[in-house]
Amino acid sequence: TLFDKIGTSNKEDFVLDKETLKESLKLLTARERRVVYLRFYGGFAQSEIAARMNLSQMHISRILTRAVNRLRQELYKQ
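Residues numbered from 1 in each chain as written. Predicted model: local features only at pLDDT ≥ 70, side-chain atom pairs only at ≥ 80, totals over all residues. Heavy atoms only, no water.

(A) Structural context of helix α3 (residues 30–41). The end-to-end C-alpha distance of α3 is 15 Å, a good match for the 16 Å that 12 residues give at a rise of 1.5 Å each. Along α3, the positions that sit buried rather than exposed are Glu32, Val35, Val36, Leu38 and Phe40. (Helix = DSSP H or I, 4+ residues; strand = E, 2+ residues; numbered from the N terminus. Expected span 1.5 Å × (residues − 1). Buried < 20%, exposed > 50% of the residue type's maximum accessible area, 1.4 Å probe, protein only.)

Spelled out as C-alpha cells, the structure:
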C-alpha cells in the first residue's frame, strides 16, 4: 500500500497520517497523482502504467519515486 511505501510510525498516527496524506496528494502534479493512483489504488504494475500513459517503465519509476518522496516529506514535516 501507499502507507507501506511511505511508512507510518504507529497505529495511533494512522488516522492523522491518512488525513495528511489526503491533503498532500493535492500538492502533486496531475501526472504524479495519476501514477500514484494507478499504482497504489488501482494495483497496476509500473509496466502497465507505462503502457497506459505511453511512457517508459523507467520514467514511471522516476515519477513514482519523486511523488512518494514528496508525500513522505509532507507526512513527516507535521
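(B) Summary view of the confidence of the model for the protein chain. With 76% of its residues at a pLDDT of at least 70, the protein chain reaches an overall mean of 83. Per-element confidence in the protein chain ranges from a low mean pLDDT of 60 for helix α1 (residues 2–6) to a high of 97 for helix α4 (residues 46–53). (pLDDT = per-residue confidence, 0-100.)

(C) Looking closely at the nonpolar core. Within the largest apolar cluster, 16 residues are counted, with the highest numbers of intra-cluster contacts made by Leu28, Val35, Val36, Ile49, Ile60 and Leu64. Of all elements in the fold, only α2 (14–25), α3, α4 and α5 (57–76) reach the threshold of two or more residues within this core. Among the elements that make up this core, the one with the highest residue count is α5 (6 residues). In contact with valine 35, not counting residues within four places along its chain, are Ile49, Met53, Ile60, Ile63 and Leu64. (Core = buried A, V, L, I, M, F, W, Y, C linked by side-chain atoms within 4.5 Å. Contact = heavy atoms within 4.5 Å.)

(D) Looking closely at the environment of arginine 33. Mapped onto the secondary structure, arginine 33 falls in helix α3. Owing to a relative accessible area of 34%, arginine 33 belongs among the partly exposed residues under this scheme. Along the chain, arginine 33 and isoleucine 63 lie 30 residues apart, while their C-alpha atoms are 9.6 Å from each other.

(E) Unusual backbone geometry, seen in detail. Of note, asparagine 54 is a non-glycine position whose phi angle comes to about 60 degrees, a positive value. Examined against the element boundaries, asparagine 54 turns out to sit in the loop between α4 and α5. For asparagine 54, a relative accessible area of 72% corresponds to the exposed category.

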